[in-house]
Amino acid sequence: MVVNLEGKISKIGQNMKSSIIREILKFAADKDAISFGGGVPDPETFPRKELAEIAKEIIEKEYHYTLQYSTTEGDPVLKQQILKLLERMYGITGLDEDNLIFTVGSQQALDLIGKLFLDDESYCVLDDPAYLGAINAFRQYLANFVVVPLEDDGMDLNVLERKLSEFDKNGKIKQVKFIYVVSNFHNPAGVTTSLEKRKALVEIAEKYDLFIVEDDPYGALRYEGETVDPIFKIGGPERVVLLNTFSKVLAPGLRIGMVAGSKEFIRKIVQAKQSADLCSPAITHRLAARYLERYDLLEQLKPTIELYRRKRTVMLNALEEYFSDIPGVKWVKSEGGLFIWLTLPEGFDTWEMFEYAKRKKVFYVPGRVFKVYDEPSPSMRLSFCLPPDEKIVEGIKRLREVVLEYGKEKHLL
Ligand SMILES: *Cc1c(COP(=O)(O)O)cnc(C)c1O
């Protein structure tokens, strides 16, 4: 007899889903395939020689620290480097070590925030489309969502205000806990929240006594335009928690995420993390810390930024060439990050269209994946960072054929 596992799964366990993106991207393994699906950085950008050298050193010479259990909060040497980096990048000052904790990627921070604040009576505010990692992390704790459409300059604040005032009127505002925002170069939508909307978000959060979770993995990957003050800087650590990660600017294999917040908030995260994993790996913390001491991350990133900027231009030009004559198609010219969000005319369902794309061997992530509630979407996420230039052009050309074929068959064009 085999054990009846299904019958034993907890309520939270029943709510977990495996990432649809992973399923979809299995098709992209074919060698003739062109995939715009992956949301991962180009491995050639990882500073492997530098990291290899430091890794040897910290294992041989600092083994008392690197191979031992560490504190839950993580490496104090890395904390000092992060404090410097936050000041240089964004002019954030006034924080000390107790305002920081490291997690196993930002994903763990999302999970711990879900665990601490959400249950079946709670709500959190997510945008539409939203980051899949956040949807999954929050949904597993049985949370409910206030879904707010994303515009070209961030969330539609009229809708947000209307929905929150509804909760207030019905005496349910205390059940709404926080607003989750990807402020720079949104994944998947590519948009950056404007300074005006950042300020307004803080005001709304204060009015309804919510906190804001600002997730900023891409802030350092800006290809054009000016840096915008983080919501964290505008609202301060009592109102906003800032999530950051080395996944997109150094190497995701390090699995180093970071939370900056009020000391009280960080203490709560420390407690939640203790029961999850005791501590994060000291070895990757110290590796990153010594790397940041020895090399200037922002300088080191320049060739990576150059590379992605070029690929982004290649994709934008290809879209211009192959899509500008199809009425009703639009795309977001994101100023940074890894993605372009392409929206087809009304009636298109990029999930259904995926079957057509499979035949032409071009892959994208259907917009439906980023919907909080499972609904059809005319949009798709295109990542430009992995395919070589000529494949980007070829892939966009194939995508045009897919769109025309599907559109004609469904009488949409
Ligand atoms: C890539 C990404 C992350 C990073 O996740 P890690 O767990 O740190 O690798 C977090 N948030 C968003 C919006 C992302 O796109």
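The rules behind these values
Residues numbered from 1 in each chain as written. Predicted model: local features only at pLDDT ≥ 70, side-chain atom pairs only at ≥ 80, totals over all residues. Heavy atoms only, no water. Near = heavy atom within 4 Å. Polar contact = N/O pair within 3.5 Å; in protein donor to acceptor, adjacent residues only side chain to side chain. Areas by Shrake-Rupley, 256 points an atom, 1.4 Å probe, with all protein chains shown as cover. Helix = DSSP H or I, 4+ residues; strand = E, 2+ residues; numbered from the N terminus. Nonpolar A, V, L, I, M, F, W, Y, C, P; charged D, E, K, R; others polar. Buried < 20%, exposed > 50% of the residue type's maximum accessible area, 1.4 Å probe, protein only. UniProt positions renumbered as here; feature names shortened; annotations may be inferred. Contact = heavy atoms within 4.5 Å. Salt bridge = Lys/Arg side-chain N within 4 Å of Asp/Glu carboxyl O. Domains from an automatic or database assignment. Buried area = accessible area lost by both parts, 1.4 Å probe. Axes fitted to C-alpha atoms, helices over the stretch in contact; angles between N-to-C directions. Parallel < 35°, antiparallel > 145°, perpendicular 65-115°, else oblique. Left-handed = near helix turned anticlockwise from the far one by under 90°. Expected span 1.5 Å × (residues − 1). Pairing = 2+ DSSP bridges.

1. A closer look at the site of the ligand
Thought 1: As a structural note, the neighbourhood of the ligand is formed by 14 residues, with Asp215, Tyr218, Thr245, Ser247 and Lys248 the closest of them.
Thought 2: A distance of 2.7 Å is found between an oxygen atom of the ligand and a side-chain nitrogen or oxygen belonging to Thr245.
Thought 3: With respect to the ligand, the side chain of Ser247 contributes an N or O atom lying 2.6 Å from an oxygen atom.
Thought 4: Computed on the free molecule, the ligand has an accessible area of 390 Å², of which 93% lies beneath the protein chains in the complex.
Thought 5: Counting only elements with at least two residues in the shell around the ligand, the list comes to α6 (105-117) and β6 (176-182).
Thought 6: When residues of the shell around the ligand are assigned to their parent elements, the largest contribution, three residues, is made by α6.
Thought 7: For the shell around the ligand, the residue count by class is five nonpolar, six polar and three charged.

2. Some thoughts on the environment of Glu390
Thought 1: Structurally, the position occupied by Glu390 is in helix α16 (residues 389-409).
Thought 2: Under the relative-accessibility criterion, Glu390 is labelled exposed at 57%.
Thought 3: Residues Glu390 and Val314, spaced 76 residues apart in sequence, show a C-alpha to C-alpha distance of 8.7 Å.

3. Quick word on unusual backbone geometry
Thought 1: A cis amide bond links Asp128 with the next residue in sequence, Pro129, at an omega value of 5°.
Thought 2: Tracing the chain through its elements places Pro129 in the loop between β3 (123-128) and α7 (132-139).
Thought 3: Note the cis peptide between Asn187 and Pro188, where omega equals 15°.
Thought 4: Of note in this structure, Asp209 is not a glycine but carries a positive phi near 50°.
Thought 5: With phi around 65°, Leu278 is a residue other than glycine that occupies positive phi space.

4. Side note on the UniProt feature "binding site: pyridoxal 5'-phosphate" (unreviewed entry) in the protein chain
Thought 1: Under the local residue numbering, the UniProt record ascribes the feature "binding site: pyridoxal 5'-phosphate" (unreviewed entry) to Tyr69, Ser106, Gln107, Tyr131, Asn187, Tyr218, Thr245, Ser247 and Arg255. Separation in sequence by 187 residues is matched in space for these annotated residues, since their most distant C-alpha atoms are 34.0 Å apart.
Thought 2: Discounting chain neighbours no more than four positions away, the residues touching Thr245 are Ser106, Pro217, Ile256 and Gly257.
Thought 3: At 2.9 Å, the side chain of Thr245 and the backbone nitrogen of Ser247 are in polar contact.
Thought 4: For Arg255, the position within the fold is in the loop between β8 (240-245) and β9 (256-260).
Thought 5: The contacts of Arg255, once residues within four sequence positions are left out, are Thr103, Val104, Gly105, Gln107 and Ser247.

5. A short note on the pattern of salt bridges
Thought 1: Taken as a whole, this structure holds 35 salt bridges when the rule is applied.
Thought 2: Its salt-bridge partner being Asp389, residue Arg310 comes within 3.0 Å of it at the nearest N-O pair. Residue Arg310 is located in helix α14 (residues 302-323), and its partner Asp389 is located in helix α16; the two are separated by 79 residues in the primary sequence.
Thought 3: Put simply, Glu62, Asp75, Arg286, Arg290 and Glu293 are held in one network by salt bridges that share partners.

6. Re the domain arrangement of the protein chain
Thought 1: Each domain of the protein chain was delimited in the assignment, giving domain 1 (11-46 + 299-410) and domain 2 (68-294).
Thought 2: Here the C-alpha centroids of domain 1 and domain 2 sit 25 Å apart.
Thought 3: In total, about 3000 Å² of surface goes out of reach between domain 1 and domain 2, with carbon and sulfur atoms giving 62% of it.
Thought 4: If you sort the residues of domain 1 by the area they bury against domain 2, Glu335, Phe370 and Val372 come out on top, with a joint share of 22%.
Thought 5: Our enumeration of links across domain 1 and domain 2 arrives at three salt bridges.
Thought 6: Measuring nitrogen to oxygen at the nearest pair gives 2.8 Å for the salt bridge that ties Arg222 to Glu335.
Thought 7: Inspection of the domain 1/domain 2 interface yields 14 residue pairs in polar contact (both at pLDDT 80 or more).
Thought 8: Counting only elements with at least two residues in the side of domain 1 that touches domain 2, the list comes to α1 (11-14), α14 and β11 (339-343).

7. Observations regarding the side chain of Lys248
Thought 1: Topologically, Lys248 is positioned in the loop between β8 and β9.
Thought 2: A polar atom in the side chain of Lys248 sits 3.1 Å from the side chain of Tyr218.
Thought 3: Not counting residues within four places of it along the chain, the set of residues in contact with Lys248 comprises Gly39, Pro41, Pro217, Tyr218, Leu221 and Leu338.

8. So, the packing of helix α5 (residues 76-90) against helix α12 (residues 282-294)
Thought 1: Relative to each other, α5 and α12 sit at 45°, their axes nearing to 8 Å. Between α5 and α12, the angle falls in the class oblique. α5 and α12 meet at a crossing whose hand is left-handed. Seen from α5, the contacting residues are Val77, Leu78 and Gln81; seen from α12, they are His285, Arg286, Ala288, Ala289, Arg290, Leu292 and Glu293.

9. Focus: α6
The periodicity of an α-helix, 3.6 residues per turn, causes residues three or four positions apart to be oriented the same way.
Thought 1: For α6, with 13 residues, the first-to-last C-alpha span of 19 Å sits near the 18 Å given by 1.5 Å per residue.
Thought 2: Within the sequence span of α6, burial applies to Gly105, Ser106, Gln108, Ala109, Leu110, Asp111, Leu112, Ile113 and Gly114.

10. Some details on the sheet that holds strand β10 (residues 330-331)
Thought 1: The four strands are arranged β10-β11-β14-β13 in an open sheet whose pairing can be described as antiparallel. Every interior strand has two partners, whereas the edge strands, β10 and β13 (365-366), have only one.
Thought 2: Here β11 runs beside strand β14 (residues 379-383); their pairing, made up of five bridges, is antiparallel. Each residue of the ladder has a partner; that of Phe339, found in β14, is Ser383.
Thought 3: Against the sheet, α14 engages β10, β11 and β14, with an angle of about 15° to β11.

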